[in-house]
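# Close look at the chain arrangement
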Amino acid sequence: MPETTVRAGGADVRLAADYFHSYSVVGLLAVIGVLFVAVAFGAGRLLRPVVPTPEKLLTYECGVDPVGEGWAHTQVRYYVYAFLYVIFAVDSVFLFPWATVFAAPGFGGATLVEMFVFLGFLAVGLLYAWKKGVLEWT
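Residues numbered from 1 in each chain as written. Predicted model: local features only at pLDDT ≥ 70, side-chain atom pairs only at ≥ 80, totals over all residues. Heavy atoms only, no water.

## Describing the overall build of the protein chain
What counts is decided by this rule: Helix and strand definitions follow DSSP, with helices as H or I runs of at least four residues and strands as E runs of at least two, each counted in order from the N terminus. Classification of residues uses two cut-offs on accessible area relative to the type maximum, computed with a 1.4 Å probe and protein chains only: under 20% is buried, over 50% is exposed, and between them is partly exposed. Residue contacts follow a heavy-atom distance rule, with two residues in contact if any of their heavy atoms lie within 4.5 Å. Using a 1.4 Å probe, the Shrake-Rupley method yields the accessible areas, and only the shown protein chains count as cover for residues.
From N to C terminus, the protein chain includes three helices and two strands. Here the protein chain holds 138 residues, and 4% of them are scored as buried. For the protein chain, the share of sequence-separated contacts (at least 6 apart) that also reach a separation of at least 24 residues comes to 47%. When the accessible surface of the protein chain is totalled, it reaches about 12400 Å², and 73% of it is carbon and sulfur.

In structure tokens:
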């Protein structure tokens with residue numbers, strides 16, 4: 001198929017048409033996806049039985065009927081342990097790439113200083129948690 005390019009004002013019109021054609025395909029797929037979801041929700045709304053009963057209108061959680069107030073006291077210490085775990089998990093995520101960069105030539109000194117600053121911040125956080133007694137299970 002012979003290539004026909006038309007130049008108008010120094011711009012390649014065929015290249016621009018191909019460029020917008022690729023975006024039109026993506027846009028068409030997005031519209032089809034939205035329509036598919038809308039049709040599925042509409043069909044579900046039309047086909048499902050609607051029989052509201054008092055039992056169906058109750059709050060349902062884990063198979064237990066709600067009794068009493070909706071407020072419950074939760075121990076904060078569990079969140080503190082989870083937070084400390086996240087801190088040290090993030091620390092390990094940063095240590096593995098650091099080890100590979102540290103092994104590369106030319107990055108040794110600066111990378112070592114940066115990692116010790118990072119570990120210093122983590123050590124200060126751990127020291128603070130230890131001084132506050134967070135690490136003791138009572």
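This is not the end of the story, as more comes after the structure.
## What to know about the confidence of the model for the protein chain
For the record, the criterion: Known as pLDDT, the predictor's confidence for each residue is given on a scale from 0 to 100.
Put simply, the protein chain has an average pLDDT of 77, and 80% of its residues get 70 or more. The lowest-confidence element of the protein chain is strand S1 (residues 7–8), averaging 52 in pLDDT; the highest-confidence one is helix H1 (residues 13–47), averaging 88.

## Some points on the environment of valine 134
Inspection of the secondary structure puts valine 134 in the segment after helix H3 (108–131). Of the residues examined, valine 134 reaches a relative accessible area of 23% and is grouped as partly exposed. For valine 134 and leucine 84, which are 50 residues apart along the polypeptide, the C-alpha to C-alpha distance reads 9.5 Å. Ignoring anything within four residues of it in the chain, the contact list for valine 134 reads Val80, Tyr81, Leu84 and Ala129.

## Focus on a nonpolar patch on the surface
Using the following cut-off: Only residues above 30% relative accessible area that lack a salt bridge enter a patch, with like-charged residues linked at up to 9 Å and the nonpolar side chains Val, Leu, Ile, Met, Phe, Trp and Tyr linked at up to 5 Å. By definition here, a salt bridge exists when the distance from a side-chain nitrogen of Lys or Arg to a carboxyl oxygen of Asp or Glu is within 4 Å.
On the surface, Phe88, Leu126, Leu127, Trp130 and Leu135 cluster together into a nonpolar patch covering about 470 Å² of accessible area. With three residues, H3 is the single largest residue contributor to the nonpolar patch. Tracing the backbone through its elements, the reader meets leucine 135 in the segment after H3.

## With respect to the environment of tyrosine 81
One can find tyrosine 81 in helix H2 (residues 77–103). Considering only alpha carbons, one finds tyrosine 81 and valine 134, 53 residues apart in sequence, at a separation of 8.0 Å.

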